[in-house]
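Secondary and tertiary structure notes
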Amino acid sequence: MYKNNRGISRRNLILGSSAFAAGLTLSPYSSNAYSSKEENKLNFYNWDTYIGEDTLSNFKSETGVVTKIDFFADNDELFAKLREGNPGYDVIVPSNNFVEKMIEANMLSPLNHNKIKNISNIETRFLNASFDKNRKYSLPYMWGTMGIGYAKDKVKEIPDSWSFIYESDKYSGRIAMLSEAADVIGMGLKYLGHSINSKNPSHYKEVEELIISQKKHIKVFAEDNGQDLLASRDVYLAQEWNGDVGQVMLEDNNIDYLIPKEGSLIWEDCLCIPNGAPHPNNAHKFIDYIYDANVGAEIADYIQYATPNKAARKLLGDDYNKNTSIFPEESVLDKCESQLYLGEDILKIIEDSWTRIRAA
Amino acid sequence: MDSWKVKKKFFTFSIIPGFAWIMVFFFLPLAFVWIMSFGEKSNIIDVVITGTLDNYTRAFDRVYFKVLAHSFLISLITTFICLIISLPIAFLISFSSRRIKTFLLILIILPFWTNLLIRTYSLIAILRTEGHVNKILEFLWIKINNVLLFLGIYDGQLTPNEFIPLNLLYNNFSVIFGLVYIYIPFMIIPIYVVLDKFDKSYIEASLDLGAGQIKTLFKIIIPLIYPGIISGVLLVLIPCLGSFVTPDLLGGSNSQMIGNVIERQFKSANDWPFGAALSFLLIYITIGLILIHSLFSKKIVEEKIL
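Residues numbered from 1 in each chain as written. Chains lettered and ligands numbered in written order. Predicted model: local features only at pLDDT ≥ 70, side-chain atom pairs only at ≥ 80, totals over all residues. Heavy atoms only, no water.

Section: the packing of helix α7 (residues 201–214) of chain A against helix α15 (residues 344–359) of chain A
Residue and element names in this part refer to chain A. Formally: Simply put, an axis is a line fit to the C-alpha atoms, just over the touching stretch for a helix, and the angle between two N-to-C directions goes from 0 to 180 degrees. Strands here mean DSSP runs of E at least two residues long; helices mean DSSP runs of H or I at least four residues long; both are numbered from the N terminus. The scheme is simple: roughly parallel for angles under 35 degrees, roughly antiparallel for over 145, roughly perpendicular for 65 to 115, oblique for anything else. Crossing chirality is assigned from the near helix's rotation relative to the far helix, an anticlockwise turn below a right angle marking it left-handed and a clockwise turn marking it right-handed. The contact rule is simple, with two residues in contact once any of their heavy atoms fall within 4.5 Å.
Closest axis-to-axis distance for the α7/α15 pair is 10 Å, and the angle between their directions is 20 degrees. Judged by the angle between their axes, α7 and α15 are roughly parallel. Note on packing geometry: the crossing formed by α7 with α15 is right-handed. Here Pro201, Tyr204, Lys205, Glu208, Ile211 and Ile212 of α7 lie close against α15, whose contacting residues are Ile346, Ile349, Ile350, Ser353, Arg356 and Ile357.

Remarks on a nonpolar patch on the surface
Heads up, the rule is: Exposure above 30% relative accessible area and the absence of a salt bridge qualify a residue for a patch, where like charges join within 9 Å and nonpolar side chains (Val, Leu, Ile, Met, Phe, Trp, Tyr) within 5 Å. Areas reported here follow the Shrake-Rupley algorithm with a probe of radius 1.4 Å; residue values treat only the protein chains shown as occluding. Counted as salt bridges are all cases of a side-chain nitrogen of Lys or Arg within 4 Å of a carboxyl oxygen of Asp or Glu.
A surface patch of nonpolar side chains, amounting to about 880 Å² of accessible area, comprises Phe103, Ile106, Leu107, Ile109, Leu110, Phe112, Trp113, Phe186 and Leu235 of chain B. Within the secondary structure, Ile106 of chain B sits in helix α4 (residues 98–109).

Here we look at the pairing of strand β8 (residues 237–241) of chain A
Residues and elements named next belong to chain A. Short version of the rule: With a 1.4 Å probe rolled over the protein chains alone, any residue whose accessible area is under 20% of its type maximum counts as buried; one over 50% counts as exposed, and the rest are partly exposed. Any two strands between which DSSP finds at least two bridges are classified as paired.
Counting buried residues in β8 gives five out of five residues, a clear majority hidden from the surface. Burial of the side chains of β8 extends over both faces: Leu237, Gln239 and Trp241 are buried on one face and Ala238 and Glu240 on the other. Across five bridges, strand β5 (residues 138–151) lies against β8 in antiparallel orientation. Paired with Gly147 across the bridge in β8 is Glu240. Bridging between strand β6 (residues 175–178) and β8 involves two bridges; their strand directions are parallel. For Ile175, the partnering residue across the bridge sits in β8 and is Leu237.

Observations concerning the confidence of the model for chain A
Residue and element names in this part refer to chain A. Which entries qualify depends on this criterion: The predictor attaches a confidence to each residue, and that confidence, scored 0 to 100, is pLDDT.
Of all residues in chain A, 90% attain a pLDDT of 70 or more, and the chain-wide mean is 88. Mean pLDDT per element in chain A: helix α1 (residues 2–30) is the minimum at 38, and strand β3 (residues 91–92) is the maximum at 97. Below a pLDDT of 50 lies the segment residues 1–35, which in the model reaches five contacts outside its immediate sequence neighbourhood of four places, other chains included.

Looking at the domain arrangement of chain A
Residue and element names in this part refer to chain A. Note the threshold: An automatic or database domain assignment is the source of the domain bounds shown. Summed over both partners, buried area is the accessible surface (1.4 Å probe) that two parts give up on being assembled. Residues are grouped as follows: Ala, Val, Leu, Ile, Met, Phe, Trp, Tyr, Cys and Pro are nonpolar; Asp, Glu, Lys and Arg are charged; all remaining types, including Gly, are polar.
Here chain A is partitioned into domain 1 (38–143 + 267–321) and domain 2 (144–265 + 326–359). Computed from C-alpha coordinates alone, the two centres of domain 1 and domain 2 are separated by 27 Å. When the two sides are added together, the surface that domain 1 and domain 2 hide from each other amounts to roughly 1700 Å², 55% of it contributed by carbon and sulfur. On the surface where domain 1 and domain 2 come into contact, there are one salt bridge. Residues Lys101 and Glu344 are paired through a salt bridge, measuring 3.9 Å at the closest nitrogen-oxygen approach. Secondary-structure elements contributing two or more residues to the side of domain 1 that touches domain 2 are α4 (96–104) and α13 (318–321). For the side of domain 1 that touches domain 2, the element with the most residues is α4, which contributes five residues. Among the residues forming the side of domain 1 that touches domain 2, the class breakdown is five nonpolar, six polar and six charged.

Here we look at the pattern of salt bridges
A full pass over the atoms with the stated rule returns 24 salt bridges over all chains. Asp288 of chain A is the partner of Lys117 of chain A in a salt bridge, and the nearest nitrogen-oxygen pair spans 3.5 Å. Within this pair, whereas Lys117 of chain A is found in the loop between β4 (108–109) and β5, its partner Asp288 of chain A is found in helix α10 (residues 280–290), the two being separated by 171 residues in sequence. By relative accessible area, Asp288 of chain A is classed as buried at 11%. In this structure, Arg58 of chain B engages Asp271 of chain B in a salt bridge whose closest nitrogen and oxygen atoms are separated by 3.0 Å. Taken as a pair, Arg58 of chain B in helix α2 (residues 54–59) and Asp271 of chain B in the loop between α12 (258–266) and α13 (272–305) lie far apart in primary sequence, 213 residues in all. In this pair, the class of Arg58 of chain B matches that of Asp271 of chain B, namely buried. Residues joined by salt bridges that share partners form a network here, namely Lys348 and Asp352 of chain A together with Arg58 and Asp271 of chain B.

Notes on the side chain of Ser75 of chain B
All names here are of chain B. Within the element layout of this structure, Ser75 appears in helix α3 (residues 62–94). By relative accessible area, which is 0% here, Ser75 ends up buried. Discounting residues that sit within four places of it in the chain, Ser75 has contacts with Leu237, Cys240, Leu241 and Met257.

Remarks on the packing of aromatic side chains
Residue and element names in this part refer to chain A. Note the threshold: Under the pairing criterion, centres of Phe, Tyr and Trp rings, with the six-membered ring standing for Trp, must be within 6.5 Å; the plane angle then separates stacked pairs below 30 degrees from edge-to-face pairs above 60, leaving the rest tilted.
All chains considered together, the criterion is met by 31 aromatic pairs over all chains. Considering the side-chain rings of Tyr45 and Tyr89, the 4.2 Å spacing of their centres and the 5 degrees angle between planes classify their relative orientation as stacked. Taken together, the positions of Tyr45 in strand β1 (residues 41–47) and Tyr89 in the loop between α3 (75–83) and β3 put the pair 44 residues apart, joining distant regions of the chain. Exposure remark for Tyr89: the relative accessible area of 7% places this residue in the buried category. Ring geometry for Tyr50 versus Tyr141: centroids 5.3 Å apart, planes at 75 degrees, classification edge-to-face.

As for the nonpolar core
As a reminder of what qualifies: Buried Ala, Val, Leu, Ile, Met, Phe, Trp, Tyr and Cys residues that are joined via side-chain atoms within 4.5 Å together make up what is termed a nonpolar core.
Ranked by size, the top nonpolar core spans 99 residues in total, and within it Tyr50, Ile92, Tyr141, Met142, Tyr166, Leu237 and Phe286 of chain A carry the most contacts. Each residue touching Tyr50 of chain A, except ones within four places of it in the same chain, is listed here: Val93, Tyr141, Met142, Trp267, Asp269, Ile303 and Tyr305 of chain A. Formed by 31 residues, the second largest nonpolar core is a distinct cluster that contains Met187, Phe198, Ile225 and Ile229 of chain B.

Considering the environment of Gly178 of chain B
Residues and elements named next belong to chain B. Mapped onto the elements, Gly178 comes out in helix α7 (residues 172–197). Sequence separation between Gly178 and Ile16 is 162 residues, and the spatial gap between their C-alpha atoms is 39 Å. When near neighbours in sequence (up to four residues on either side) are disregarded, Gly178 contacts Leu123, Thr246 and Leu250.

Brief notes about helix α2 (residues 55–63) of chain A
Residues and elements named next belong to chain A. So the rule is basically this: Each direction from the helix axis to a C-beta atom contributes to the arc, which is the arc of those directions.
Buried residues of α2: Thr55, Leu56 and Phe59, and no others. Around the axis of α2, the buried residues are gathered within 95 degrees of arc, so they sit on the same side. Considering only its buried residues, α2 is in contact with β1, β2 (66–72), α10 and α11 (293–303). With its phi angle positive at about 85 degrees, Gly64 sits one or two positions after the end of α2.

Comments concerning the packing of α3 of chain B against helix α10 (residues 226–241) of chain B
Residue and element names in this part refer to chain B. Interhelical geometry of α3 versus α10 gives an angle of 145 degrees and a closest axis separation of 9 Å. The element α3 and its partner α10 pack so that their crossing is right-handed. Side by side, α3 and α10 meet where Ser71, Phe72, Ser75, Leu76, Thr78, Thr79, Cys82, Leu83 and Leu87 of the first sit next to Ile229, Val233, Val236, Leu237, Cys240 and Leu241 of the second. Its residues placed into classes, the contact of α3 with α10 shows 11 nonpolar, four polar and no charged.

Some points on the interface of chain A and chain B
The line we're drawing: Definition of a polar contact: a pair of N or O atoms within 3.5 Å, with one able to donate and the other able to accept a hydrogen when the atoms are protein atoms, and with sequence-neighbouring residues admitted only if both atoms are side-chain atoms.
At the interface, 34 residues of chain A touch 29 residues of chain B. At the boundary of chain A with chain B, total buried surface from both sides reaches about 3000 Å², with 51% on carbon and sulfur atoms. Our enumeration of links across chain A and chain B arrives at four salt bridges. Put simply, Lys267 of chain B and Asp74 of chain A hold a salt bridge, and the shortest N to O gap is 3.9 Å. In this structure, the connection of chain A to chain B is made through 14 residue pairs in polar contact (both at pLDDT 80 or more).

Structural data, given as structure tokens:
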């Protein structure tokens, strides 16, 4: 049986590879890069589980455009993939600081707002942004906060301060921090009373010393699984993103999420069209489709993140709109900052001190 | 088989595909990385090759030595554990009957049919606080306590009052455990290959002539299968040194290895020239290890001839 199989599979391999080679040689001609009408295709590069269940198939039945979706795990992966030239993506979803970084690196195409008529559904306060003046290159997709997820059955008090994570031995060995240098160090700055966008190297030194002396109490710098560690009670306190904790809160009533009193960071993931996108018309069509009230409501309901789409919010009930882990109160939001792109020199300071923290 | 000295043309042609493959897919990309290591970032995405040695001088900072030393320690412990476990397994396989031998060899290779990431994630499920190991231990703890209670000797002194799960995950133990699990086939197979060709009558002769079991092992068997052991050690040690997925997923707050630092230079730090320099530092160390190995094996061959 084994021998037979091998013969067939080798033939299939040759067939497959010649088909692949043919595809490679033909693709520049079939992409209609120089004609006014695009083929009915769209390449979407998104975070995993970050779109409605039927959004893409509905988009196809409505417009005839077939969407191929790829996933990235973090902004760095997205940036590394597009750094040496766009491999063929039409719509990407970077976070605010990476939108700024990619604008600076000239990697994004300006959006044609006239082609996106549903832009009127977006809340006015999102129509301008510190990282993208007048939204020339990006439109808001979802937003959220960083905070502390905690196990109510294991923690005696409400951990309403970053000190529980950054400067306390109370839950020694039961604390998870995030693993992204900029997030962990940025929040350390906030805890010490500095701005998360500080450009003062001595502030970074302070945070480095703080985290190094706290390190013996930290169980793990969690990749992207702080919520799972909470659910299994491997840790009792986890620095995490609101949506991630929200997912386990749906299944476990003893887990809760809060934004500490020192404040935190607000993130915003944006829809952008990278330079060299093969289907820019379809990309605009897709972005317009996302801001449709019904479509936006379907996505937000499924992924449980905060949408900037006010028409979509009207279609959703109180358990979404009044959920404070999705939409924190204004007084809490006032204490939060968005991360800015701080330039390569500050990023180097952050990364180097992260290497020292991890090696200490 | 004809010697390459007789049929020169045939052998020249037959090495071309392999040679071309290695050139295009190994040396060429490596050359790009090497050139990149002498570059500087000019802006967010562009690198200018200036011939600077700054990246290498930066790599000699104390913190990278510390990380390298830690990586070496973890890799050496892993290699040692692999060796201790592999020797009896390789013996078992080579002394089995032909059918069982094939079956056992398939068992060794079987894990490779599953992706490394999936195998690592399943280790998380096994080792975590509420994982399978702790579940089994808790079950045993309850049973033992019940027996003690039944015998009437339980006073809460023999066992702790409540089951305390072991911390098996997110520390250096779990990193070494994961690395041993992943790389042990690379130790078993080279040792098995040498053992399989090894003439078993040497063992009989040694035992007949009065050497004990342990003396036979250290004086006869190990010296004769030494090349297999050294190949296995290199095949485990070198990939361990550069590993980054395992310490990332299984490691705790003190488990950073040099592979993680290199990975970060290409991702979040966005400093490809420095990442390239660190990669080459690791490559030079590896080349050094292989050189030492070849010196040793040369010495052994010479000793044998003499």
